[in-house]
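# Architecture and fold: a report
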Amino acid sequence: MSTLTTPAPDRTAAPLRIGPHTVAPPVVLAPMAGITNAPFRTLCREFSGGKGLFVSEMITTRALVERNEKTMQLIHFDATETPRSIQLYGVDPVTVGKAVRMIAEEDLADHIDLNFGCPVPKVTRKGGGSALPYKRNLLRAIVREAVTGAGDLPVTMKMRKGLDDDHLTYLDAGRIAVEEGVTAIALHGRTTAQHYGGTADWDAIARLKEHVPEIPVLGNGDIWSAEDALRMVRETGCDGVVVGRGCLGRPWLFADLVAAFEGRTDDFVRPTLREVADVMVRHATLLGEWIGDEARGVIDFRKHVAWYLKGFAVGSEMRKRLAITSSLEALSAGLDELDLDQPWPTGADGPRGRTSGNNRVVLPDGWLKDPYDCAGIGEDAELDTSGG
């Protein structure tokens, strides 16, 4: 693949320690529902040369404890994945504890991440995700159960700044994490109300790093390029970066991140459309093999098409056609009709994925009355068996 020379970085981060695991360079793939399954993790890991940490999709703790079939597939790791990293979502300390002990006792993973950052209404209306840190005592109870149940496995957590600018929780949550034995914290520099809109507040990442110097702090939000990652580390002092939407349709971003942190400024990936098309077919193939059905794999791949083709000169009719294919043959045939010699488009490294804000935060009734009282968690909050 062709390369583009970039300025040398001012500062690189030291290797990241997650319990017994060394993550070098300190780059983490963010869990994304329906995206960071085993096939996508495989692509990202291949481009990174096996360097970095690649986290599973968000797993619902009760679904895991009940051994829901879809959930058990989601926690499947390729034999080459190490360390194996699972992110858990839960709102009940007892259920979270059971899930973590199951992972530890059955050797299902090497690292557990707790989700306190998801902003979607179906999660926050049950008191989960980014809504949960507002209830300080509940947060402490969940983290304590997780760390205790994990034994020797390291436990980390990912969170947002808070519900909105009037209900910030990240500094209190960071202190609770330290006190309860969490190994590292990742902060997305947005509130729940911001959803994925606006600009991530990197200053908050810097404040959290100053507030909890005892453990590593990872920054998340608006990392669209390797240069952004280096700049975040330089400006905030964070110990590493968590990359989410920036790698959608661009798993080779992890090759760029590794090169940047290692100071190889002449080794950034700028693929032609032909090379992108090859990755697209491989991605769809891996999904079919993972699901056990080619057609279902290609159908699952459809949501990736627009991300891969971002910036390239591909007509709207062809984009629609590629987005409704249901076989590898049809996908390959459609791609072969394109001008595959197109170079990497200018500006294609920019924002991708969801960018709109969501100013309404959906919470359980009475959630804001008391930041310490745990009342308000319904019995159905842990009954989601969707696997994430």
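Before any of the text, the structure's been laid out above.
Residues numbered from 1 in each chain as written. Predicted model: local features only at pLDDT ≥ 70, side-chain atom pairs only at ≥ 80, totals over all residues. Heavy atoms only, no water.

## Points about helix H7 (residues 170–179)
Regarding H7, the residues found buried are Tyr170, Ala173, Gly174, Ile176, Ala177 and Val178. In this structure, the buried residues of H7 make contact with helix H6 (136–150), strand S7 (155–160), strand S8 (184–188) and helix H8 (202–211). Looking at the residues trailing H7, positive phi occurs at Gly181, about 95 degrees. (Buried < 20%, exposed > 50% of the residue type's maximum accessible area, 1.4 Å probe, protein only. Helix = DSSP H or I, 4+ residues; strand = E, 2+ residues; numbered from the N terminus. Contact = heavy atoms within 4.5 Å.)

## Re the nonpolar core
Side chains of nonpolar character tend, in soluble globular proteins, to be buried together. The biggest cluster of nonpolar side chains holds 110 residues, and the ones touching the most others in it are Leu88 and Met157. Among the elements that line this core, the one with the most residues is helix H11 (residues 273–291), at ten residues. With residues up to four places along the chain from it excluded, the contact list for Leu88 reads Ile59, Thr61, Leu64, Ala99, Val100, Ile103, Ile112, Asp113, Leu114 and Asn115. (Core = buried A, V, L, I, M, F, W, Y, C linked by side-chain atoms within 4.5 Å.)

## Topic: the environment of Arg245
Inspection of the secondary structure assignment puts Arg245 in the loop between strand S10 (240–243) and helix H10 (253–261). In the structure, Arg245 is positioned 169 residues away from His76 in sequence and 23 Å away in space, judged by C-alpha atoms.

## Considering the packing of helix H9 (residues 226–236) against H10
Where H9 meets H10, the closest approach of the two axes is 8 Å, and the angle between their N-to-C directions is 45 degrees. Overall, the two elements H9 and H10 adopt an arrangement that is oblique. Classified by chirality, the crossing of H10 by H9 is right-handed. Note on element contacts: H10 touches H9 through Leu253, Asp256, Leu257, Ala260 and Phe261, opposite Ala226, Ala229, Leu230 and Val233. (Axes fitted to C-alpha atoms, helices over the stretch in contact; angles between N-to-C directions. Parallel < 35°, antiparallel > 145°, perpendicular 65-115°, else oblique. Left-handed = near helix turned anticlockwise from the far one by under 90°.)

## Things to note about the environment of Cys374
With respect to the secondary-structure elements, Cys374 resides in the segment after helix H15 (328–336). Linking Cys374 and Gly127, residues 247 residues apart in sequence, is a C-alpha distance of 9.8 Å. Not counting chain neighbours up to four residues away, the residues in contact with Cys374 comprise Asn137 and Leu138.

## Quick word on the sheet that holds strand S4 (residues 53–60)
Ordered by their spatial adjacency, eight strands build a closed barrel running S3-S4-S5-S6-S7-S8-S9-S10, and the pairing between neighbours is parallel. The sheet shows a mean angle of 25 degrees between the axes of neighbouring strands, direction not considered. Where strand S6 (residues 111–116) lies against S7, five bridges are found, and the strand directions are parallel. Bridge pairing in S7 links Asn115 to Lys158. Across the sheet, H8 touches S7, S8 and strand S9 (217–220), and the angle it forms with S9 is around 175 degrees. (Pairing = 2+ DSSP bridges.)

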